[in-house]
Amino acid sequence: LLCVNHQSLIATKANRIVRAADGRKVFEFGSRRAQGANGAILGARAAYIGGCDGTACAITDKLYGVPAMGTMAHSWVQMFDTELEAFKTYCSVYPHSTVLLVDTYNVLKSGIPNAIRAFDEVLKPLGARPVAIRLDSGDITYLSKKARKMLDEAGYADCQITASNSLDESIIRDLIYQGAKIDSFGVGERLITSKSEPVFGGVYKLAALEKDGEMIPKMKISENVGKITNPGFKTLYRFFDKETHHIRADLIMLDGEPEPAGDSYEIFDPMAPWKRKTLTNFYVKNLRVQLFEKGKLVYDLPHIDKIRSYCALQISELWEEMLRFEKPQTYYVDLSQKLYDLKQQIISEHTK
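For clarity, every value in this text was computed on a predicted model and none was experimentally measured. Counting starts from 1 at the beginning of each chain's written sequence and moves along it residue by residue. Given that the model is predicted, a residue must reach a pLDDT of at least 70 before its local features are reported, and side-chain atom pairs must reach 80 or more before they are shown or counted; all residues, however, enter totals for whole chains, interfaces and linings. Side-chain descriptors were evaluated using all non-hydrogen atoms of the structure, hydrogens and water having been removed beforehand.

**Here's the deal with the pairing of strand S11 (residues 264–269)**
Strand pairing follows a simple DSSP-based rule, namely that at least 2 bridges must link the two strands. In DSSP terms, a helix is any run of H or I states spanning at least four residues, a strand is any run of E spanning at least two, and both are numbered starting from the N terminus. The pairing of S11 with strand S12 (residues 272–280) spans six bridges and is antiparallel. Across the sheet, the residue bridging to Phe 268 is Arg 276, located in S12. The hairpin turn running from S11 into S12, its antiparallel successor, is two residues long.

**Observations concerning helix H6 (residues 107–126)**
The largest bend along H6 measures about 35° and falls at Asp 120. For each residue, the accessible area found with a 1.4 Å probe, counting protein chains only, is set against the maximum for its type, and the residue is called buried under 20%, exposed over 50%, and partly exposed in between. Within H6 the residues assigned to the buried category are Val 107, Ser 110, Gly 111, Ile 112, Asn 114, Ala 115, Ile 116, Ala 118, Phe 119, Val 122 and Leu 123. Working rule for contacts: check all heavy atoms of both residues, and any pair within 4.5 Å makes them a contact. Contacts made by the buried residues of H6 are with helix H5 (83–93), strand S3 (99–101), strand S4 (132–135) and helix H7 (140–153). Any pair of nitrogen or oxygen atoms within 3.5 Å is treated as a polar contact; in protein, a donor-acceptor pairing is required on top of that, and neighbouring residues in sequence qualify only through side-chain atoms on both sides. Measuring from the side-chain oxygen of the N-cap residue of H6 to the backbone nitrogen of Leu 108 gives 3.3 Å; that N-cap residue is Asn 106. Looking at the residues trailing H6, positive phi occurs at Gly 127, about 75°. Two axes enter the definition of the bend at a residue: one is fitted to the seven residues ending there, the other to the seven starting there, and the bend is the angle between them.

**Structural notes on the side chain of Arg 134**
Within the secondary structure, Arg 134 sits in strand S4. Here the side chain of Arg 134 touches Thr 71 through a polar contact of 2.7 Å, side chain to side chain.

**Topic: the sheet that holds strand S16 (residues 333–335)**
One key point about sheets: their strands pair by backbone hydrogen bonds, in either a parallel or an antiparallel sense. Pairing in this open sheet of four strands is mixed, and the strands run S13-S9-S10-S16 from one edge to the other. The strands lining the two open edges of the sheet, one partner per strand, are strand S13 (282–286) and S16. The mean inter-strand angle of the sheet, taken between neighbouring strand axes irrespective of direction, is 30°. Across the sheet, helix H11 (residues 337–351) touches strand S9 (234–241), strand S10 (247–254) and S16, and the angle it forms with S10 is around 55°. Lines fitted to C-alpha atoms define the axes, with helix axes restricted to the stretch in contact, and inter-axis angles between N-to-C directions lie between 0 and 180 degrees.

**Details of the nonpolar core**
Throughout, nonpolar core names a set of buried Ala, Val, Leu, Ile, Met, Phe, Trp, Tyr and Cys residues whose side chains join them through atoms within 4.5 Å. Counting residues in hydrophobic clusters, the biggest one holds 50 residues, and the most contacted among them are Leu 100, Val 102, Phe 119, Ile 133 and Phe 185. Among the elements that line this core, the one with the most residues is H6, at eight residues. Discounting chain neighbours no more than four positions away, the residues touching Ile 133 are Val 99, Leu 100, Val 102, Ile 112, Phe 119, Ala 147, Leu 151, Cys 159, Gln 160, Ile 161 and Thr 162. Counting 11 residues, the second largest nonpolar core, distinct from the first, contains Ile 252, Phe 268, Leu 339 and Ile 346.

**Comments concerning the layout of surface pockets**
Empty space within the largest pocket amounts to approximately 2500 Å³. Looking at the largest pocket, it is lined by 50 residues, and the ones nearest its centre are Val 4, Ser 8, Thr 12, Phe 200 and Tyr 310. Elements supplying a minimum of two residues to the lining of the largest pocket: helix H1 (2–21), helix H2 (37–50), S10 and helix H10 (304–316). The dominant element in the lining of the largest pocket, judged by the number of residues it contributes, is H1, at nine residues. Lys, Arg, Asp and Glu make up the charged group, whereas Ala, Val, Leu, Ile, Met, Phe, Trp, Tyr, Cys and Pro make up the nonpolar group; the residues left over, Gly among them, are polar. For the lining of the largest pocket, the residue count by class is 32 nonpolar, nine polar and nine charged. In this analysis the probe radius is 1.4 Å and the grid spacing 1 Å, with only protein atoms considered; a cavity is a set of points the probe fits into but cannot get out of, a pocket is an open set with protein on both sides within 12 Å along at least five of seven lines, and lining residues have an atom within 4 Å of a point. Grid points are joined across faces, edges and corners, and a volume is the space filled by probe spheres set on the points.

Geometry only, nothing functional implied.
Laid out in structure tokens, this is it:
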């Protein structure tokens, strides 16, 4: 549960941030603010699966192959007598991956001018080009517009601008709306801790017990309706629209029930069974995949890039209305009539 809940939480938050960035790159920068070492390392892995382009956590690169990347730190700038000396030294050490942090002292009066001078005096003679500058404080929209103009006028239109500083999907969306000249984002604490929604409430309850080769259904009954579970050994089918290939609904069925087929299929809301809908022009996929058989792994573990691509595919199959950050359209997960009837039967027997 810890593995599923934590990493699903961070992957979800990362995907919201990536979608807000609207095609601009997003890097996970939150290791130092994570809740423990595993939170940092596995959180960075989850963020990459959710759509981030890389991480500042080098251990996650070593263990899981997530691209590690980063920029200079303020401490680098502070170690030198002058900001210009710090920039020139960095350019000489990393001539083909130069990203300068320009807000240690004053972005427009010293940071950008010194960065341009370092590019001219160190990179140009080497035939190298700067990768980016980074803004980490101040009015990012205003500063990025001014910085873009200064870089372009100096002949560095190809030098990108990356932004950091307590960013999340809401702030990124506002920055883009305001016309900020940002090419990529470094997102730290609000991603790695999922600050806006720090709990992913997945639970485990026994659904069936095997006895003499037969699956005996089990369920939790609670005064809290949301905590009442669905009994039995089950499988899950997903309905897709044949024309758009977008998801129509999910259907949980008891194992052994026939796959939904035909020209039409009626589904209903298990919380309000009078709400029914007939689906047409659909196809279905069985989402249940066996990982273990008699304690032995029978599943080929995919490479992390394949997992990441699968995640992106799943998001692309959702309707836009379901992807709203606020009050999204409900994602429907329905029960088969047989499973619903079994659930009601067990509840009835218990209440007697």
